[in-house]
Amino acid sequence: MTTTIPSIPLRRLAKDPVVISGAVTLLLWGAASLYSPAFATWGHIVTTLTVASFLGVIAIGQTLVIIAGGEGIDLSVGAAATLSAIVASRFMNGSDDGLFFAVLAALASACVIGVVNAIGVLVFRVPPLVMTLGMIAVVAGFIRLYTGGRPEGSAAPLLNQLVTGDTVLGIPGVLWLWLGLSVLVIWLLRRTSYGWRLYAVGANRTTAYLSGVNPSAVKFSAYVLSSLFAGVGGLLLLGYTQNVYTNLGADYMLNSVAAAVIGGTALVGGVGGYLGTIIGAILLTVLSALLRTMQIGGGEWGDAPRQILFGLVLIIVLTAYGRQKRLRG
Amino acid sequence: MDSPPFLRMSGVRKRYGGVTALDGADFEADAGTVHAVLGPNGSGKSTLLKVLTGVVGPDAGEVRLRGEPLRPRGPRDTLAAGVASVYQELSLVEDFTVLDNLLLGVEPTRFGLRDRRAATARALPWLERFAPAFGGRVPVRERVGDLDPGERQVVEVCKALVRDPQVLVLDEATASLRRGQVEVLFEVVTDLRERGVLVLFITHRLAEIFSVCDRATVMRNGTDVATVTVADTPERELVELMSGQPQARSSAAPARQAALRTAPDTAGAAAPAVGADPSAPPRLEVRELTGDRLDGVSLHVRAGEVLGLGGLQGQGQSELMAALFGSGRRTGGTVLLNGAPVRPRSPKQAVRAGFCYVPGNRGGQGLALGRPILENFALPSVGRRAALGVALSRRREVAAARSVAERINTRYGSLDDPVSTLSGGNQQKIVVGKWFPTEPSVVLMDDPAKGIDVGAKAEMFEVVAELAASGAAVIVGSSDDRELVEVCDRVLVMFEGRVVDEVFGDRLTEDTLIASAMHITGADVAAAHSGDAAAELPEPDHDPEARAPGPDHGPEEGGA
Amino acid sequence: STPEGGGGGGGGEGDAEGPFTIGVSNGFIGSEWREQMLSALETAFEEYEAEGVVDELVVESADVDINGQIQQIRNLIRSDVDAIIVNPNSPTALDQVFAEAADQGIQIVAIDQAVESEDVVNVVIDQSEWASISAQWLADEVGEGGQIIAVNGIDGHPANEDRWSGASEVFDAAGVEVVANDYAEWDQNQGQTVTRDLLASNPDVDGVFVQDGMALGAFRALEAEGALEDVALVGEARVGYMREWDAQREEGDFSSIGVPNPPSVSVSALHVVVRMLQGQEFAADALDGNNAWLPIPETVTDDNFDDQFAQVEDENDAYAVDHALTSEEADAYFE
Amino acid sequence: MNLLRSPGTADLPSPVRSVLSVRMPTVAVGLLLLVTVVASAVLQPGFFSPYGLSASFATFLPLATIAAAQTIIVLGGGIDLSIGTVVTLSSAVSVVLMQGDDGRLPLALAAGLATGAACGLFNGLVVAVLRLQPIVATFATSSVFGGLALLVLPTPGGQAAPVLTGTYRMVLLLYVPIPAILLLALFLGWRLLRGTRFGQHLYAVGGNADAAYTSAVPVSAVRVLSYTLGGLVAALAGVALLADAGAGDPTLGTQLTLGSIAALVIGGTRLRGGSGGVGGALVGAVVLSLIQGLVFFAGVPTNAREFVYGCIIIAAIALAGLLTNRNGSAAGTTGGNR
Ligand SMILES: Nc1ncnc2c1ncn2[C@@H]1O[C@H](COP(=O)(O)OP(=O)(O)OP(=O)(O)O)[C@@H](O)[C@H]1O
Ligand SMILES: Nc1ncnc2c1ncn2[C@@H]1O[C@H](COP(=O)(O)OP(=O)(O)OP(=O)(O)O)[C@@H](O)[C@H]1O
Ligand SMILES: [Mg+2]
Ligand SMILES: [Mg+2]
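All values reported here derive from a predicted model rather than from experimental measurement. (Residues numbered from 1 in each chain as written. Chains lettered and ligands numbered in written order. Predicted model: local features only at pLDDT ≥ 70, side-chain atom pairs only at ≥ 80, totals over all residues. Heavy atoms only, no water.)

1. A word on the state of the cysteines
Residue and element names in this part refer to chain B. Our working rule: By convention in this document, the label disulfide applies to cysteine sulfur atom pairs within 2.5 Å. Partly exposed describes any residue whose relative accessible area lies between the buried limit of under 20% and the exposed limit of over 50%, with all areas from a 1.4 Å probe on protein chains only and scaled to the type maximum.
What the rule picks out here adds up to zero disulfides over all chains. Here Cys213 is not cross-linked by a disulfide; its sulfur's nearest cysteine counterpart is in Cys158, at 20 Å. Here Cys213 falls in the buried class, since its relative accessible area comes to 8%.

2. Some details on the interface of chain A and chain C
Stated precisely, the cut-off is as follows: Every residue pair with non-hydrogen atoms within 4.5 Å of one another is taken to be in contact. When two components associate, each loses some accessible surface as probed by a 1.4 Å sphere; the sum of these losses over both components is called the buried area. In the sections that follow, a salt bridge refers to a side-chain nitrogen of Lys or Arg positioned within 4 Å of a carboxyl oxygen of Asp or Glu. Between N or O atoms, a polar contact is any pair within 3.5 Å; within protein, one atom must be a potential hydrogen donor and the other a potential acceptor, and residues adjacent in sequence are included only when both atoms are from side chains.
Taken together, the contact pairs 36 residues of chain A with 33 residues of chain C. Between chain A and chain C, the buried area comes to about 2800 Å², and carbon and sulfur atoms account for 42% of it. Run the count over chain A and chain C and you get three salt bridges. Where A:Arg292 meets C:Asp182, a salt bridge forms, and the shortest distance between an N and an O atom there is 3.8 Å. Where chain A touches chain C, the interface holds 10 residue pairs in polar contact (both at pLDDT 80 or more).

3. Regarding the site of ligand 1
Residue and element names in this part refer to chain B. Here is the rule we go by: Near is defined per residue: the residue qualifies when any heavy atom it owns lies within 4 Å of the molecule or strand. Reported accessibility uses the Shrake-Rupley method at a 1.4 Å probe radius. Residues are deemed covered only where the shown protein chains occlude them. Numbering goes from the N terminus for both helices and strands, where a helix is a DSSP run of H or I of at least four residues and a strand is a run of E of at least two.
What surrounds ligand 1 is a group of 14 residues, the closest being Asn41, Gly42, Lys45, Ser46 and Thr47. At a separation of 2.4 Å, an oxygen atom of ligand 1 approaches a polar side-chain atom of Thr47. Within the complex, the protein chains bury 73% of what would otherwise be the 630 Å² of accessible surface of ligand 1. Of all elements in the fold, only strand S2 (19-29) and helix H1 (45-53) reach the threshold of two or more residues within the shell around ligand 1. No other element matches H1, which puts three residues into the shell around ligand 1.

4. Considering the pairing of strand S11 (residues 215-220) of chain B
Residues and elements named next belong to chain B. Worth spelling out the cut-off: In this description, strands pair whenever DSSP reports at least two bridges between them.
Pairing of strand S3 (residues 34-38) with S11, which is carried by four bridges, proceeds in the parallel orientation. Following the sheet pairing, His35 is matched in S11 by Arg215. Pairing between S11 and strand S12 (residues 223-229): six bridges, direction antiparallel. Paired with Ala216 across the strands is Val228, a residue of S12.

5. Some words on the pairing of strand S6 (residues 83-86) of chain B
Regular strands show a simple pattern: their side chains alternate between the two faces of the sheet. All names here are of chain B. Neither face of S6 is left uncovered, since the one carrying Val83 and Ser85 and the one carrying Ala84 and Val86 both have all their residues buried. Inspection of the sheet shows S6 paired to strand S9 (residues 167-171) by four bridges, in the parallel sense. Pairing of Ser85 across the sheet is with Val169, part of S9.

6. What to know about the sheet that holds strand S7 (residues 177-183) of chain C
Residues and elements named next belong to chain C. Taken together, the five strands give an open sheet; going across it, the order is S7-S6-S8-S9-S10, and neighbouring strands pair in parallel fashion. Either end of the sheet is taken by a strand with one partner, and the two such strands are S7 and strand S10 (256-257). Relative to S10, strand S9 (residues 232-234) runs parallel, the two sharing two bridges. Within S10, the position partnered with Val234 by the bridge is Ile257.

7. Quick look at the interface of chain D and chain A
Opposite the 55 residues of chain D that make contact, chain A presents 55 residues. In total, about 4800 Å² of surface goes out of reach between chain D and chain A, with carbon and sulfur atoms giving 68% of it. Contact with chain A buries surface across chain D, with D:Arg131, D:Gln133 and D:Phe139 losing the most and accounting together for 15% of the total. The interface formed by chain D and chain A holds one salt bridge in total.

Written as structure tokens, this is what we have:
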């Protein structure tokens, strides 16, 4: 922000999704720290953020696709992450030699998913939800064909070092990377012609078209970027777990949507941003860590209370602001 | 004498965030009258009537109908009380048939199931009554999405009528109607008045008020400023009430008209492009253009000239602009820009070539309503100011937006506010102003003043004049002949996809335009409207028979 | 009426000569264990095929829910198989389709997960016993009054329930306190996260009980906390984990245990089902209810680690230490 | 009060006209059904045998029913990602109460259906009253219902009543399995619902909620009711699953959510709402099940099956999309702001 902002009214601030979810996150973190002081330790903060970073990076593309509108959503991010990790691990095979090529091959294979998604959505007019859902089956099927069900290889030590090792200031490289990507994406959305066009296409595709924007090209790029960032997320996951398995990314399918929506990105398109998604990703991670720490699940009632509470808290957080317009003016 | 008025609204207030839509408005109307509600854009007319119909919940105020307080929780309650409305934004379900739309919410049932026969019996009389407005059809089972905007508007009206209202609200119900459709509507409105129905009528077309309304309430800034009897009030007084300022002259773009009138008569030679150098080669030349609803259009415009497209609505004016801009279908013909052929296949290419387009539907096609004013201003030209075509400087963007906003006198709070917070007129200025930084050489404007109040209209036309003055060729389409006369140097009258008349110089008057448009449709209609004017019309300068699209125009696809 | 036989009926019981067609229904493919299970089966099948005992192996293997697995089995029934080897997604909810298959004279053997249906012979290891071995080791490591955390699979999943009940019994008996118990869906990544969170809130625990498939994740969490030496960890008999184990052994005081859960139960099941098809009767004491228990293979411990590791060192990380009945051992189940 | 009535002949539908106006989605899904049935008859041994038919319809019914439930919700402009867990929870409640005892069957069924409806009601309130975005709200409630199912039925078990399972496997007149009759009943039930005012309002709310609201349609109530009905029908799917499976399981049905969405899209229902129908979704579910079987019976190698299946599904949906969406809006000029 270069210009001075006229003192934003407090009321408006209190309705800002980013502010609300940020506050809820801090609240949860506070509660967790009270319950278990270990939560407040530096090490634990760093590891929690590390776990959140995978979701955060995968949700970058999700945020872009949702902003681009037209019921945009990408449920295949988990599949793209898995594919990328599997390809990378096969090429790396536990050594640093093939690292560069492996990363390239992994990201390229992820991008193919995005291209196919985009073609389905833009050319064949398949609803994005269904197209990307179908892609999960296709990618899973492809992985099975490609690996025979048993992915081989393992992470390059360098990659592992990046994700888990301390690099600078006691902060693992993955967090620096996330920070860098965040700055890049936020800049992309706020301060580039691409970002402004993306919002315009999401807010009103026809207007954008009649203003000389090519909405199909913009959406195409959003789907490809989505898979690309999912692929990056897959690489980071590979660095974290060091070896791959065929369900590696499955968990991120709906959670990435939830992270974006919690952060204020609306599924109608043209609204939101990545800052909110970052907080959404952290909130989801902290929430499940809190429920786990408090042993809400796992006691004599098993996992049930944790699942129930998780859902209820999510509803409460969303109720705070993530609401659609009233019918009556 | 002391019996309470049929409808009384008092002290109605409504705020939207920081915007005050209604600021203690009072309103009274009697049964059996047609009561106009007038006022500039954003003065709260629609909001007031939405409070009446229950769509908007007021912050304060009271509504009494027949002396009884009406506290609706939604349209269901007011409908039960006999209030039906045609809203400014269409409220039809596109996937439904006309019949299903007409009875939506009031479907008759038998044994718990919808009773189609009873439904048809209820709806049919109205559709038949309006058959002339549907071109003679009775479109019971047609899908509403397949109807054209005027027909949809008529369906809206029928939908309200099917509910047998005691109070009928018509919010700019005539804005997208053709002349013939308006006439049918006014006949029905007159019948309703005789049956004791109160009709509340919002419009920006003053002529309509004088032809059908008994009383008029003028609103400004969210309150009522006066209620007058129409027959006793001259037009000029109404305009003064609306604008709050004494009116110097009737209305807009006087400078251009003055220039036109004083220009030496060029004795019918080439068109006298007033703002342009008549000897200059045309900036834009169109030869034999064919496409959707276009049946061989030829025209030329010079730099600095404002060319109008007149005629009845829906004769290919919009399609012509869309075809030129690359967003509509174009199957044949040539377009020359500065003498060189151009064939944009998308708006993107058209913009590159130097075209710009102001669509008729502001919210749906001109603006990204939820996005900030700044981004809306920047959208067509954002790449030009970006470093490497990508990186933006906020300072540069703000400066660019400010300079345009100043040039066209746009009023806004902050450039970061969503564009939806602006009043209609200011929104419209952004739709036009956003093109300035692209320095267009051809400006296409489709009904740029639709739904715009009198004051904003004047400002709008100054913008048009300014664009022409800066050297652009301007093409303006409008359904309002008065507008065309005020703003254009020359008007082409279109009919069924062809240019059938060219009007300029002293002949450029409202009467000539109406007559010219009517001449084609049938002498009897024309005679009824403009007396003997029709007889004096020149022959159309193009022979329609010679313009039939020949097989030499291959079926090529353009646009999207 | 209920349809019997019909056009697509099975091989029929009198047909004890073969060659037999064997169907396989596997309802989950997210794990390498299942792939090993299938590929071992295919290899063993080829041997029988060479002998002319069997002629076709029809494999249905996909990620499906119970409804999907019911469809898988119906597809197999209609493909005229003589026997079905099934790794079931539910111990109870396939009962009806098993009855359908049995009506058509098809022999059914369940592996990995026992089912309740009386039409099925379960060729399985005792999951409860399987878990109690490593639980006992952990209990010994942490001693009476020791505190542990548990990282289980999926709550409500039958295998999870069997294993955890077996392990809990051991912990109760040994006076070990389970201070926290959570579920990580047999997913290594989640296992890592869950272990980390549980460790953070229970920094003083003495041990971690973790089911297989997630031990490597738990290991990495401990490694990140630098707690490998202080906290006892139940391991797994899989090559990836064993490599880490091996590396730690060279560095210092690290001890673990891996109880194999052999994917080649499928092979054992093939031996059994072929004999059933050939009309052999089970020996009197071979069946416990409808369970033909398989022996739990030799546990990988600190003592035998080098031997065990040497045998599998060349396999890839996902490889699980394996074991199958030999033909002779299988014969012992029959009269 | 029709003072303005003028005489004239009504433009009433003739049978010819209604045949001609068959919608494209119906053609597309009909075509798919034809192709898959013919292919199945050729490739699957005994497809038309009594056992073949009974096995097929027994498999179709649960997916078809849940697709019908999802369609009711989607038509009204919503979506329900929790529908699979609603099936799970209601079947868990049923089976726990049933305890394999025929006498307890009515009570257990009633409780199961009530549970489904209650879950739907909760979803409906969250979406219509709290006004949360359906996709995320139901993602959250799916966690809640899944948790509740685990509380009700912590481990797999519980026998379905023998009457239930027995009836489900019955075949009438040699060739008409009970599930086929139930499928037909489901369709007839839908047609009945479609004929009511609620049926009409459902489409109006999904098609244009603002228009429906200003036309005095009780929009929020319609939304709540659509979720409640969806929940109720999902509970029926739970009963069908229970009858087919014979016993309970706390994961029964959880994976059906995504299948239900695929089925309704293949069946020509628009995900945005307001267009489509349950009939199409039923056919879509049948087509999906048949394709799954076809990939197996066509001898596609095990490792390639999922890939082939995924590609066929996408192709089928793209085909449906090509036939339906194309004649609607052209990309650039319409649509836009919603
Ligand atoms: N839903 C809304 N949210 C925010 N502001 C609104 C909303 N509806 C109306 N307004 C604002 O309230 C004011 C009055 O609007 P209203 O629609 O009543 O004007 P109008 O007199 O009907 O104008 P027009 O002639 O353009 O139709 C305007 O400033 C408008 O921007
Ligand atoms: N149970 C069924 N078995 C076979 N075909 C069916 C079944 N249900 C529906 N169909 C067919 O599927 C197609 C779509 O049915 P659907 O109910 O969607 O009609 P519809 O388009 O919604 O009609 P309307 O709009 O009048 O309600 C129809 O061709 C119908 O005949
Ligand atoms: Mg208005
Ligand atoms: Mg229907």
